[in-house]
Amino acid sequence: MELRATQESDRTYLARLNFLTDTFGDEHGELSPDFADDFAFYVENWDPNQGGFIAWEELVPAGGVWLNWGTEDNHGFGFVEPAIPELAIAVEARYKGQGIATALIDAAISLAPHPACPRHLPSRPPR
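Here the structure is a predicted model, which is why all the values come from computation and not from measurement.

Visitor: I keep staring at the overall build of the protein and nothing clicks. Help me out?
Guide: Tallying secondary structure elements over the protein gives three helices and four strands in all. Put simply, the protein runs from its N terminus to its C terminus through helices and strands in the order β-α-α-β-β-β-α. For the protein, with 127 residues in total, the buried portion stands at 39%. Long-range pairs, those at least 24 residues apart, make up 58% of the contacts in the protein between residues at least 6 apart in sequence.

Visitor: So what exactly am I meant to see when it comes to the pattern of salt bridges here?
Guide: Proximity of charged atoms lets side chains of opposite charge pair with each other. Inspection of the entire model under this criterion finds four salt bridges. Where glutamate 27 meets arginine 16, a salt bridge forms, and the shortest distance between an N and an O atom there is 2.5 Å. Note that glutamate 27 is positioned in the loop between helix H1 (11–22) and helix H2 (35–44) and arginine 16 in helix H1, a separation of eleven residues in sequence. With relative accessibility at 28%, the residue arginine 16 sits in the partly exposed group. Residues glutamate 92 and arginine 16 are paired through a salt bridge, measuring 2.8 Å at the closest nitrogen-oxygen approach. On the criterion of sequence distance, the pair formed by glutamate 92 in the loop between strand E4 (86–91) and helix H3 (100–109) and arginine 16 in helix H1 is long-range, its members being 76 residues apart. Using a relative accessible area of 10% as the deciding quantity, one classes glutamate 92 as buried. Linked by salt bridges that have partners in common, Arg16, Glu27 and Glu92 make up one network.

Visitor: How should the packing of aromatic side chains be read in this particular structure?
Guide: Think of a pair of aromatic rings as described by two things: how far the centres are apart, and how the planes are tilted against each other in angle. Enumeration according to the criterion identifies two aromatic pairs in this entry. Between phenylalanine 35 and phenylalanine 39, the aromatic rings sit 6.0 Å apart at their centres with planes inclined by 40°, giving tilted as the arrangement. Of the two residues, phenylalanine 35 and phenylalanine 39 both sit in helix H2, four residues apart, roughly one turn of that helix. Seen from their ring centres, phenylalanine 41 and tyrosine 42 are 4.9 Å apart, and the 80° between their planes marks the pair as edge-to-face. An identical accessibility class is assigned to phenylalanine 41 and tyrosine 42; each is buried.

Visitor: Can you walk me through the confidence of the model for the protein in this structure?
Guide: Detailed reading of the predicted model is not advised wherever pLDDT is low. Looking at the protein as a whole, the pLDDT averages 87, with 87% of positions reaching at least 70. When mean pLDDT is taken per element in the protein, strand E2 (residues 52–57) scores highest with 97 and E4 scores lowest with 93. Note on residues 119–127: pLDDT under 50 across the span, and 18 contacts to partners over four residues away in sequence or across chains.

Cut-offs and rules
Residue indices begin from 1 for each chain and proceed along its sequence in written order. At least 70 in pLDDT is required for a residue's local features to be given in this predicted model, at least 80 for side-chain atom pairs to be given and counted, and no such filter applies to totals for whole chains, interfaces and linings, which use all residues. In computing side-chain values, all of the structure's heavy atoms are included and hydrogens and water are not. Put simply, DSSP marks the helices as runs of H or I at least four residues long and the strands as runs of E at least two long, and each gets a number from the N terminus on. For the exposure calls, accessible area comes from a 1.4 Å probe over protein chains only, and a residue counts as buried if that area is under 20% of its type's maximum, exposed if over 50%, partly exposed in between. Whether two residues are in contact is decided by their heavy atoms, any of which lying within 4.5 Å being enough. What counts as a salt bridge is simple: a side-chain nitrogen of Lys or Arg found within 4 Å of a carboxyl oxygen of Asp or Glu. For Phe, Tyr and Trp, where Trp contributes only its six-membered ring, two rings pair if their centres lie within 6.5 Å, and the inter-plane angle classes them as stacked under 30 degrees, edge-to-face over 60, or tilted in between. Every residue is assigned a pLDDT by the predictor, reflecting its confidence on a scale from 0 to 100.

What follows is the structure in structure tokens.
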């Protein structure tokens, strides 16, 4: 598996991953009533400079994580405070159980010292 930093050309794939998060991975699942608002925040308002990664298995995207910076008035589901980004993450069903989500979260945490991140991301509790 290879992790690549997100770029503008990944927005369409992030839209797919956002769909998977909304339906809990069910390709035929019903969209939540808040899907349009969530899509606006997590996909349309996303900027590649906010950080993120796409996991690739050879030539196939396997999942991704992307950071979203919210405000008191405009935020998504996991909002804590404006200085802490929300992590949006999804892995394609065919790749579940292979450690891809863990690798994506670890990569997102590695962005913490980046100048674009005003405070450190909360680290994962020890296992």
